[in-house]
Each structure stands twice: as C-alpha cells, then as structure tokens.
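# Architecture at a glance
Each chain, written out:
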Amino acid sequence: MNNSLSLMQPNFFPYLGYLFMMIRSTFFVYYDTVQLSKQSWQTRNRILSSTNSVSYINLPLSKKSHYDLICNSTFPDSLDLSILCSDLINKLHSSYRYHPFWTDLKEYIVDVFDISEPSFNDILIRSSWLAFQELKRYGCVNMSVDHPIKASKLDITLLEPGDSSLTKDHRIANIELFLRYYSADAYLSPKGSLIYLNEPLSKLDKTNVSIKYLVQQRAPYCQRFTKSLQPDYSLSFFENLSFVDALASMGWKQLYNYLTLESPFSFWIASPFAPPAP
C-alpha cells in the first residue's frame, strides 16, 4: 500500500524538519483541532538576528483565543494584516538583506499574506503549505493533493478534541482514526511523540502500521553572508531555525536538494508500533 500519514499541528514558518515530513508524506494533515498554546511554534519561530544571535518572529493572537482550538483562534480585533506583513518583512530584512536569496524570501512572505480576509489558521497553514508548493516544483514528493488537508474539515469524530487532559490512550485512539480514514500503513512522527507512542497498545497492534520517527543529523549550511554576498563561515551555526533562514541562504531549488539529497533528516522505523529501541 505504501500510504504514509503525518499528523502535525500547524506551525508558524516551521523548521526544516516539518517541510521534510511534508515531502515524505502521502497524506499530511494539519491537526488544527487541538488547543492552541500561546508560547509555542504555533504562534512564533526563531530566525537569525542582525546581531548574530537568535530572535523570534510572532503571529499575534487575540486574548480570547488563548484556550481555543487552533482552527477557531483569531487575530486581535485591531490588527492590520498589511502592517503585520510589512513589519515581518522589515524584521527579516535586517537579518537577511545580504543573503543571496533575500528577494525570494521577501516574495514568499508577501504571498503568504496575499489572501482575502484570512483567518489566524489560514496564515498559520499557508506559512508552510505554500513552501511545500514551491519545493515540489523541483523534484518528487509523495503527496498528490493540491490543497492543505485540515483535520477540522474532515468527517472524523475525534475523542474530546482540544482537551489538554487527554490520556495517552485517547491520543493514540485519535491517531488510529486518521490512519483508518486514509488507509495508511505508516505513521510519520516527530521524536516528541515518543512520550505517548512508546508502548504497544492493543488497538494499534491490530492496525499493522509502522511508526517512522524523524531523526535529524547535523548538516550545517552557510547562514551568514557579507555585504558583497560572500559566504561567511566564521560564526557558530544555529540549528532548527525557521526554514526562512535556509530559504534566504539557498533559494527554493537548492533547499529542495538540501532536504532530499544532502539528507539532514531521515526516519527511524519502529514496526508495527513496537517499543522504540533504547
């Protein structure tokens, strides 16, 4: 069958591993029916600062949305998205103006916000989905759908969606619902899910599905450039920044090759839902 499923909460301009999972998934579902967490990758991410350290880019959230599901979260009423887009570009410009693909990054930010009456969830999802659309122009991807798949739009009745007190068994039961919905035989997952996928449970044993955990190897690329656009390797490499950092350095084509040929990421297979090796 070879149908792989990834189930990931929408992240704001996520790190490269997120895009790698999108490239490798047959079905990539934005899990937007869970409770939003304000101080998380759902609302912010890290970039290189103009002072050669790390700073954050943020997506403003209304106070009333602090306990909403991601799909129901909203911007502050007073927010002007055109100003937010402009401010984001200005902040990125101060960090990446000497990078060879700064123009590509700037155009991408404009595209993400170029939507009529967008919701908070729309911008959050577009910040990665449009990147996937760009990357697939340069090579093979497993996913054939031409639109983002949102859990909130699927005909799946989840167990107590949005309840942060869900037990491990409930979380796994919800994953199983998605696996059955897509007839998937592999579940691609970040290592963080080891917290609740570290034991074989009876229901999942019967599904005969393998878990493939995302593994990252250190693969530095040039993060800094001089005013003459020459590579500068004199300072330390910061790992796991937003993918916009690599985009400004490489452009879309080289970024696709970096993810698929230079292999900073791979999957460790535990099959089927067996306890991971120590």
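## Here's the deal with the overall build of the chain
Looking only at helices and strands, the chain features seven helices and eight strands. Counting across all 278 residues of the chain, residues that qualify as buried make up 50%. When contacts within the chain are restricted to residue pairs at least 6 apart in sequence, those whose partners lie at least 24 apart make up 69%.

## Concerning the pattern of salt bridges
If you walk through the whole model with that rule in mind, you get four salt bridges. We note a salt bridge from Lys150 to Asp122, for which the minimum N-O separation is 3.3 Å. Of this pair, Lys150 sits in strand S5 (residues 149-150) while Asp122 sits in helix H4 (residues 120-135), and the two are 28 residues apart along the sequence. Exposure class is identical for Lys150 and Asp122. Each is buried. Between Glu176 and Arg180 there is a salt bridge whose closest N-O contact spans 3.0 Å. One end of the pair is Glu176 and the other is Arg180, both in helix H5 (residues 168-181) and four residues apart, which spans about a single turn. What makes Glu176 buried here is its relative accessible area of 5%.

## Structural notes on the confidence of the model for the chain
On average, residues of the chain carry a pLDDT of 88, and 89% of them reach 70 or more. Across the chain, the secondary-structure element scoring lowest on mean pLDDT is helix H6 (residues 202-205), at 49, and the one scoring highest is helix H3 (residues 102-113), at 98. Low confidence marks residues 271-278, where pLDDT is under 50. Its contacts with residues over four positions away, or in another chain, come to 20 contacts.

## Examining the packing of aromatic side chains
Summed over the entire model, instances satisfying the criterion amount to 19 aromatic pairs. Aromatic side chains Phe13 and Phe243 sit 6.3 Å apart centroid to centroid with 40 degrees between the ring planes, which places their arrangement in the tilted category. One end of the pair, Phe13, is in the loop between strand S1 (4-8) and helix H1 (16-24); the other, Phe243, is in helix H7 (residues 243-260), with 230 residues separating them in the sequence. Taken individually, Phe13 and Phe243 each receive the classification buried, so the pair is uniform in this respect.

## Section: the pairing of strand S6 (residues 186-189)
A two-sided burial pattern is seen for S6, the buried positions comprising Ala186 and Leu188 on one face and Tyr187 and Ser189 on the other. Of the pairings in the sheet, the one linking S6 to strand S7 (residues 210-216) comprises four bridges and is parallel in character. The partner of Ala186 across the bridge, within S7, is Ser210.

## Focus on the nonpolar core
Judged by nonpolar contacts, the single largest core of 81 residues is most densely connected at Phe13, Leu92, Phe178, Phe243, Leu255 and Leu259. It is H7 that contributes the most residues to this core, eleven residues altogether. If near-sequence neighbours (up to four positions away) are discounted, Leu92 is found in contact with Ile47, Ile57, Arg97, Trp102, Leu105, Ile109 and Val244.

## Re the side chain of Asn45
Inspection of the secondary structure assignment puts Asn45 in strand S3 (residues 44-48). Classification of Asn45 as buried rests on a relative accessible area of 3%. Of the polar contacts made by the side chain of Asn45, one reaches the backbone oxygen of Phe13; its length is 3.1 Å. Leaving out residues up to four positions away in the same chain, Asn45 has contacts with Phe12, Phe13, Pro14, Tyr15, Ser55, Tyr56, Ile57, Leu241 and Ser242.

## Side note on helix H2 (residues 81-96)
Between its first and last C-alpha, H2 extends 22 Å over 16 residues, near the 22 Å set by a 1.5 Å rise per residue. All of the buried residues in H2 are Leu81, Leu84, Cys85, Leu88, Ile89, Leu92, Ser95 and Tyr96. One face of H2 carries all of its buried residues, which in axial projection span an arc of 130 degrees. Buried-residue contacts for H2 involve S3, strand S4 (54-58), H3 and H7.

About the thresholds
Residue numbering note: each chain is counted from 1, following its sequence as written. Confidence filtering applies because this is a predicted model: local features only for residues at pLDDT of at least 70, side-chain atom pairs given and counted only at 80 or more, and all residues used for totals across whole chains, interfaces and linings. Note: side-chain values were computed over all heavy atoms of the structure, leaving out hydrogens and water. Numbering of helices and strands runs from the N terminus, with a helix taken as a DSSP run of H or I at least four residues long and a strand as a DSSP run of E at least two residues long. The buried label goes to any residue with under 20% of its type's maximum accessible area, the exposed label to any with over 50%, and the partly exposed label to all in between, with areas taken from a 1.4 Å probe on protein chains only. By definition in these notes, contact holds between two residues if any of their heavy atoms fall within 4.5 Å. Salt bridges are defined by distance alone: a side-chain nitrogen of Lys or Arg within 4 Å of a carboxyl oxygen of Asp or Glu. The predictor rates its confidence in each residue with pLDDT, a number between 0 and 100. The criterion for an aromatic pair is that two Phe, Tyr or Trp rings (for Trp, the six-membered ring) have centres within 6.5 Å, with stacked assigned to planes under 30 degrees apart, edge-to-face to planes over 60 apart and tilted to the rest. Being paired, for any two strands, means DSSP has found at least two bridges between them. Throughout this description, the term nonpolar core refers to a set of buried Ala, Val, Leu, Ile, Met, Phe, Trp, Tyr and Cys residues connected via side-chain atoms within 4.5 Å. Think of a polar contact as two N or O atoms within 3.5 Å of one another; within protein, one of them needs to be a possible hydrogen donor and the other a possible acceptor, and neighboring residues in sequence only count if both atoms come from side chains. By definition here, a helix of n residues has an expected span of 1.5 Å times n minus one. This arc describes the spread of directions from the helix axis toward the C-beta atoms.

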